[in-house]
Each structure stands twice: as structure tokens, then as C-alpha cells.
Amino acid sequence: MDTGDLIDTGVIISTLGWIVIGVVAWMVVAAVVGVLIGRMIRQRDRQVPEDSGTPAAPDVPGSTAGQDDVLNTSRTASRGRQRRS
């Protein structure tokens, strides 16, 4: 690969050379960002206890979790097409 001719001001880089430099720079930046995001996620996972014994979301006042699931499934099951007699 010819990187250019030597002239008084320095080396002239061809178009292909600039493309290669851009791609390599893009890959380096992507790798650095990926490592930083991975480290942030790992740190966050260390902060959150695995089994704290508390629910992930608070209960809605006035409802019971077990009965809501049963009621919702029975209501949605009867919402199919109505049959004509």
C-alpha cells in the first residue's frame, strides 16, 4: 500500500489511508466505550443485593396480587367472539 509521496511538507496520505485511519479510530473509540459501559453495569450489579427479601415494585394499595391475576385471566378469556344463538 502506497501511503503517499514525500514532499517538502511531509507525507501525503492517500484516500485509502485516511479510510483505514478512520476505521481504526472508530474501532478504538467503540472498544473504549464498550469497556466503560460494561464496567458501569458491573458496578451497578454489585450495588444491588441479589435477594434482599423485598419485592421489586411496591404493591398497589387496595389490591391483592394473587386475586388480580386470576380475575384478569378470567375476564380476558371471555372476551373472544360472541356466539350467535
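Parameters and conventions
Residues numbered from 1 in each chain as written. Predicted model: local features only at pLDDT ≥ 70, side-chain atom pairs only at ≥ 80, totals over all residues. Heavy atoms only, no water. Helix = DSSP H or I, 4+ residues; strand = E, 2+ residues; numbered from the N terminus. Buried < 20%, exposed > 50% of the residue type's maximum accessible area, 1.4 Å probe, protein only. Areas by Shrake-Rupley, 256 points an atom, 1.4 Å probe, with all protein chains shown as cover. Patch = residues over 30% accessible without salt bridge, like charges linked within 9 Å, V, L, I, M, F, W, Y side chains within 5 Å. Salt bridge = Lys/Arg side-chain N within 4 Å of Asp/Glu carboxyl O.

**Some thoughts on the overall build of the chain**
Argument step 1. What the chain contains, in helices and strands, is two helices and two strands.
Argument step 2. Taking all 85 residues of the chain together, 2% fall into the buried category.
Argument step 3. When the accessible surface of the chain is totalled, it reaches about 8,500 Å², and 59% of it is carbon and sulfur.

**What about a nonpolar patch on the surface?**
Argument step 1. Judged by side-chain polarity, Leu16, Ile19, Val20, Val23, Val24, Met27, Val28, Val32 and Leu36 come together as a nonpolar surface patch covering roughly 800 Å² of accessible area.
Argument step 2. Relative to the elements of secondary structure, valine 23 occurs in helix α1 (residues 15-47).
Argument step 3. Since its relative accessible area comes to 44%, valine 23 is described here as partly exposed.

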